[in-house]
Amino acid sequence: MSGTINRRSFVAAAAITIAGSMPSLAQDYPTKPITIVVGYAAGGGTDVSIRAMAGPLAEILDERVLVQNVGGAGGGVAAVRVAAAEPDGYTLLATTSSTFSLEPLVQQTVYSDSDFTHVATVVQFQGAIFAPASAPFDNYAEMIAHFKETGRTLKHANYFQLDKLLMDYIARKEGIQVDFVPVQGGNGAVQAVLSESVDTAYSGGSWSPHTQSGEAKPIFATSYERLVFAPELESMKDLGYDIGTTSYITISVPAGTPEDVVNKLSDALKQVTVDEAMTTMGEQRFMEVQHWGPQETVELINFEIESFNEMFDATR
Amino acid sequence: MFEQIASATVDLLTVEVMGYIVLGVTIGYFVGAMPGLNRATALALLLPFTFTMSPLAAICFLIGINKGGAAGSAVSAILMNVPGEPSSVVTTLDGYPMTRQGKSRKALKLALYASVIGDILATIVLIMLAAPLARLAVGLGPIELSAILLFAMTFIAAVSGRSFLKGIISGLIGLLLATPRLDPETGMPRLTFGFMELYDGIPLLAVAIGTLALSEILVQIDRGWRGRYSHKNEFLHSASSADSRLSGKEFLASMPAILRGSITGTVIGLLPGLGASLSSFLAYTWVKRASKTPELFGKGAPDGVAAAEAADNASVPASLIPVFAIGLPGSLATALLMGGFMMHGLTPGPFLLRDNIELVYAIFLGMLAASGILLMVGYFGQGVFTRVITVRDTVIIPVIVFLCVIGAYLEGGGMFGVHLMLVFAFVGYFLKKFDFSFVTFLVGYILGPMVELSMRQAIIISDANPMILLKHPVAVVFLALAVLSAWRLSAMNMLPKAQSRAMKRPDGEAQPLAKKRDCEHR
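Residues numbered from 1 in each chain as written. Chains lettered and ligands numbered in written order. Predicted model: local features only at pLDDT ≥ 70, side-chain atom pairs only at ≥ 80, totals over all residues.

1. A closer look at the overall build of chain A
Okay, so step 1: Looking only at helices and strands, one finds 13 helices and 11 strands in chain A.
Okay, so step 2: If you line up chain A on its principal axes, its C-alpha atoms span 95 × 35 × 35 Å.
Okay, so step 3: Pairs at least 24 apart in sequence give 73% of the contacts found in chain A among residues at least 6 apart. (Helix = DSSP H or I, 4+ residues; strand = E, 2+ residues; numbered from the N terminus. Contact = placed C-beta atoms within 7 Å.)

2. Regarding the nonpolar core
Okay, so step 1: If you look at the biggest cluster of nonpolar residues, it comprises 257 residues, and the most contacted ones within it are Val193(A), Leu43(B), Cys60(B), Ile78(B), Ile209(B) and Met421(B).
Okay, so step 2: If one sorts the elements of this core by residue count, helix H6 (residues 104–138) of chain B sits on top with 18 residues.
Okay, so step 3: Formed jointly, this core draws a minimum of three residues from each of two domains, domain 1 (25–125 + 247–309) and domain 2 (128–221) of chain A.
Okay, so step 4: Leave out the neighbours within four places in its chain, and Ile78(B) touches Thr91(B), Gly95(B), Tyr96(B), Met98(B), Thr99(B), Ser104(B), Ala107(B), Leu108(B) and Ala111(B). (Core = buried A, V, L, I, M, F, W, Y, C linked by C-beta atoms within 7 Å. Buried ≥ 20, exposed ≤ 12 C-beta atoms within 10 Å, placed from the backbone. Domains from an automatic or database assignment.)

3. Regarding the domain arrangement of chain A
All names here are of chain A.
Okay, so step 1: By the assigned domains, chain A splits into domain 1 (25–125 + 247–309) and domain 2 (128–221).
Okay, so step 2: Computed over C-alpha atoms, the centres of domain 1 and domain 2 are 29 Å apart.
Okay, so step 3: Taken together, the contact between domain 1 and domain 2 spans 10 residues of the former and six residues of the latter.

4. Some thoughts on the sheet that holds strand E3 (residues 91–96) of chain A
All names here are of chain A.
Okay, so step 1: If you trace the six strands from one edge of the open sheet to the other, you get E2-E1-E3-E10-E4-E11, paired in mixed fashion. Both outer strands of the open sheet, strand E2 (65–69) and strand E11 (287–292), are each paired with one neighbouring strand and no more. Neighbour-to-neighbour, the strand axes of this sheet turn through a mean angle of 25°, independent of strand direction.
Okay, so step 2: Direction of pairing for E3 relative to strand E10 (residues 248–254): antiparallel, over a ladder of four bridges. Among the inter-strand pairings, Thr-95 is bridged to a residue of E10, identified as Thr-250.
Okay, so step 3: Packed onto the sheet, helix H13 (residues 294–314) meets strand E4 (116–125), E10 and E11 and runs at close to 75° relative to E4. (Pairing = 2+ DSSP bridges. Axes fitted to C-alpha atoms, helices over the stretch in contact; angles between N-to-C directions.)

5. Section: the interface of chain A and chain B
Okay, so step 1: Taken residue by residue, the interface counts 31 residues in chain A and 36 residues in chain B.
Okay, so step 2: Split by residue class, the side of chain A that touches chain B holds 13 nonpolar, 14 polar and four charged. (Nonpolar A, V, L, I, M, F, W, Y, C, P; charged D, E, K, R; others polar.)

6. Some remarks on the confidence of the model for chain B
Okay, so step 1: Overall, the predicted model of chain B reaches an average pLDDT of 80, with 89% of residues at or above 70.
Okay, so step 2: Of the regions scoring below 50 in pLDDT, residues 502–522 of chain B engages in 18 contacts with residues more than four places distant in sequence or in other chains. (pLDDT = per-residue confidence, 0-100.)

7. Notes on the sheet that holds strand E9 (residues 216–221) of chain A
All names here are of chain A.
Okay, so step 1: Overall, mixed pairing links the five strands, which are arranged E7-E6-E8-E5-E9 in an open sheet. The strands lining the two open edges of the sheet, one partner per strand, are strand E7 (178–182) and E9. Mean inter-strand twist for the sheet, computed between neighbouring axes without regard to direction, equals 35°.
Okay, so step 2: By the bridge criterion, two bridges tie strand E6 (residues 154–158) to strand E8 (residues 200–203) in an arrangement that is parallel. When the bridges of E8 are listed, Ala-157 appears paired with Ala-201.
Okay, so step 3: The strands that helix H9 (residues 185–194) touches are strand E5 (128–132), E6, E7, E8 and E9; relative to E8, the one it contacts most, it runs at about 150°.

8. Comments concerning the pairing of E5(A)
Residues and elements named next belong to chain A.
Okay, so step 1: Judged by how many residues are buried, E5 sits mostly within the fold: four of five residues are covered.
Okay, so step 2: Here E5 runs beside E8; their pairing, made up of three bridges, is antiparallel. Residue pairing in the sheet places Phe-130 in a bridge with Ala-201 of E8.
Okay, so step 3: Where E5 meets E9, five bridges bridge the pair, whose relative direction is antiparallel. The partner of Phe-130 across the bridge, within E9, is Pro-218.

9. Overview of helix H7 (residues 140–150) of chain A
Residues and elements named next belong to chain A.
Okay, so step 1: Listed as buried for H7 are Tyr-140, Met-143 and Phe-147. Angular distribution of buried residues about the axis of H7 spans 65°; they occupy a single face of the element. Exposed and facing more than 90 degrees away from the buried side of H7 are Ala-141 and Glu-149.
Okay, so step 2: Lining the buried residues of H7 we find E6 and E9.
Okay, so step 3: Backbone geometry just after H7 places Gly-151 at a positive phi near 70°. (Arc of directions from axis to C-beta.)

10. Thoughts on unusual backbone geometry
Residues and elements named next belong to chain B.
Okay, so step 1: Notably, Leu-191 is not glycine yet its phi reads approximately 60°, a positive angle.
Okay, so step 2: Structurally, the position occupied by Leu-191 is in the loop between strand E2 (189–190) and helix H9 (204–225).
Okay, so step 3: The class of Leu-191 is partly exposed, set by 13 C-beta atoms lying within 10 Å.
Okay, so step 4: Even without glycine at this site, Asp-435 takes up a positive phi of about 60°.
Okay, so step 5: Looking at the element boundaries, Asp-435 is found in the loop between helix H20 (415–433) and helix H21 (438–462).
Okay, so step 6: C-beta crowding within 10 Å serves as the criterion here: with 11 such atoms nearby, Asp-435 is assigned to the exposed category.

11. Side note on the packing of helix H3 (residues 39–46) of chain B against helix H16 (residues 332–343) of chain B
Residues and elements named next belong to chain B.
Okay, so step 1: The contact between H3 and H16 brings their axes to 9 Å, and the two run at 20°. Classed by the angle they form, the pair H3 and H16 counts as roughly parallel. Judged by the sense of rotation from one axis to the other, the crossing of H3 with H16 is left-handed. Note on element contacts: H16 touches H3 through Leu-332, Ala-333, Leu-336 and Leu-337, opposite Arg-39, Ala-40, Leu-43 and Ala-44. (Parallel < 35°, antiparallel > 145°, perpendicular 65-115°, else oblique. Left-handed = near helix turned anticlockwise from the far one by under 90°.)

12. Topic: the packing of H6(B) against helix H18 (residues 357–389) of chain B
Residue and element names in this part refer to chain B.
Okay, so step 1: At a closest axis distance of 10 Å, the pairing of H6 and H18 adopts a crossing angle of 170°. The pairing of H6 with H18 is recorded here as roughly antiparallel in orientation. Of the residues in H18, those in contact with Ser-104, Arg-105, Leu-108, Leu-112, Val-116, Asp-119, Ile-120, Thr-123 and Ile-127 of H6 are Phe-364, Met-367, Leu-368, Ser-371, Leu-374, Leu-375, Gly-378, Gln-382 and Thr-386.
Okay, so step 2: Grouping the constituent residues of the contact of H6 with H18 by class yields 10 nonpolar, six polar and two charged.

13. Re the pairing of E6(A)
All names here are of chain A.
Okay, so step 1: When you tally the buried positions in E6, you get five out of five residues, the bulk of the element.
Okay, so step 2: Neither face of E6 is left uncovered, since the one carrying Leu-154, His-156 and Asn-158 and the one carrying Lys-155 and Ala-157 both have all their residues buried.
Okay, so step 3: Pairing of E6 with E7 involves five bridges; the strand directions are parallel. Looking at E7, one finds that Leu-154 is bridged to Val-178.
Okay, so step 4: Taken together, E6, helix H8 (residues 161–174) and E7 constitute a β-α-β crossover, and its handedness is right-handed. (Right-handed = clockwise from strand over helix to strand, strands pointing away.)

14. Topic: the environment of Phe416(B)
Okay, so step 1: Locating Phe416(B) in the fold gives a position in helix H20.
Okay, so step 2: Spatially, the C-alpha atoms of Phe416(B) and Phe195(B) are 9.3 Å apart, while their sequence positions differ by 221 residues.

15. Here's the deal with the environment of Leu57(A)
Residue and element names in this part refer to chain A.
Okay, so step 1: As for its position among the elements, Leu-57 is in helix H3 (residues 45–61).
Okay, so step 2: Here Leu-57 falls in the buried class, since 22 other C-beta atoms lie within 10 Å of it.
Okay, so step 3: Excluding its chain neighbours within four sequence positions, the residues that come into contact with Leu-57 are Val-65, Ala-268, Leu-269 and Val-272.

16. As for the environment of Ile357(B)
Okay, so step 1: Tracing the sequence through the fold places Ile357(B) in helix H18.
Okay, so step 2: Between the C-alpha atom of Ile357(B) and that of Pro256(B), which follows or precedes it by 101 residues, the distance is 35 Å.

Okay, structure coming up:
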């Protein structure tokens, strides 16, 4: 048997040759420019982070990376667009995790979480509730006590569904009244707090410069675990809740994209996030730049979906 | 401090930084002059490119684009009755009539000088008074803002043109169009008819470009069909040299208007969320009311152009006051600029002055340099544009339409925005044909969402208890002013005597006054 080609080994050899000569997607990918569709307007937190990552990502993948802004509906307009794109890994969706976990719950979205394959999570926002410096409470317990004693309604500046659900949930659990004051975007919330027009507001991180300057003070973190950049703040877990909400920047592709393409993208993104320039930018913008892979991203989003569902049901 | 200023100057006067300032102002000016493109779009597109520049160069570049855009938008407003940006609508009111009188070059020069002066004055205010002013601005809550906005809305009566009733109607149409969006409180779509693109409201740019730019083209097409088309070159060629120059006396005569415009632009631009369109509109109205010849406004009064442009440009540095002092952007353009800051690792706010004082001084100096460069770029740009305008309309108008389509596409959510723009082109056409006021339409459309938001906020904060006004004296003052203004302005427009006085002077009357000044000068 040695040295001679018998049928079995011939078939084996032929199979290997054929398999090896078939185009392997992961090896070739990417062969043309990649477009990242950002679900928010240019200049915002999500946009600036993605643009900062686009350069290094293009280098690692050796292809151009184009960033497009399609804002509206909390990332929903962009989500619809990407869900309908070809699942070939050349159209990516960069948006906040709430687009998948929250928007379908509170709006009649035409897309759902199952229309996407999640590639990675690259940023965690440092969500917290903050109040004017002159507020008569410094932490969660004092806040609840204050409103219970005075019987006043808590006025919360609101622009995001996330914190609306959260504050509503907390209010019902604690037995206080809350009224929502609509504001325009994170900046509107900051302005409402600085002008002392509201009692509290939520922000994914832009609260930090104002608390540092003494104009405002953080009350508690809205995430389940403590925040990386603000470990002194009590988190939802500390306060006895089994849910938590903050927001992440997630990268996703249309469902049906080949797994090896997804993995290649995720690895490339991992290299980008460990880059020192990225971490420095993250620190400056008060965002935690990290990398969670496809599986972990799915878990993160599922946890958010559970949390939101629980809050939603409790507040109906 | 002086050594910091000195080293800031050294940082500034490098080829890279100065080169980018010139480039930024130039790009801004040309983008502003093109209908359909506006500076927010330019900022959004060019922001990523600044990544590779040094922080000082990048920020001065972006600020330069802003300044250039505010000044350049006057060019097409004056020459073609097509505002380069929504904030130059008011400039068209008197700018275009001046062109029809052959005074286009005069108008352009006046607009440029007014723009630069407004810009410099506001920049000086920014540099010297940023922190205290920002504190004041941010201290204004929804209750004060509602009062200020109500006061502003009464001014609609003043710019409603000949028919007060028509002015109100178009203002209300504008308000109506401001209703489709996500409801601020519930977050539920309202009157969006299933269009996700309308969740943030009907895109302003699509509406503005359609009603202002395209409708004007439709009007000209219409005139052409009826054989009444008057080629604009007639205006330009018949211009006497007196009409092309801006004499020293004329300039000084418009100085009060320029100063009023600058003050208005600075104050309104400073308040987050109100915007440049409102400031030019209020400046125009103020100057018109204070003028000895208010009936000339709308027919080619130089003061109208001067006030509008000074306010428009002053609001640019003023809108940066809250950014620098607190880190709070009040409009899309300033939010983009702030994004630029943060992209380069700078956090605007009180700490910026503490931690990066040399950079901040350098930026301030850069802003002043940009004002000077604006003057030069403007001069050069006007020369170019007045020559470009002499090209045949059959070439120019398709180019304008093309630019409008691009603008609507970029800002209006793709083809949806383009379709919207076309719809509004016809809306604008009919508004023009039936002599409904444009300005009031846009005012209703722009102010509507602001008034709704701040009033709803005020009601929620106060639990619908009017007693809260006792704690907000500023709001009470503005409400009183609003009542006063509404009474005075509507009385002015509705009394038969006032109306006939306004109607008596035909177009020609505007000329003798101007010529008189020229004779004296010679």
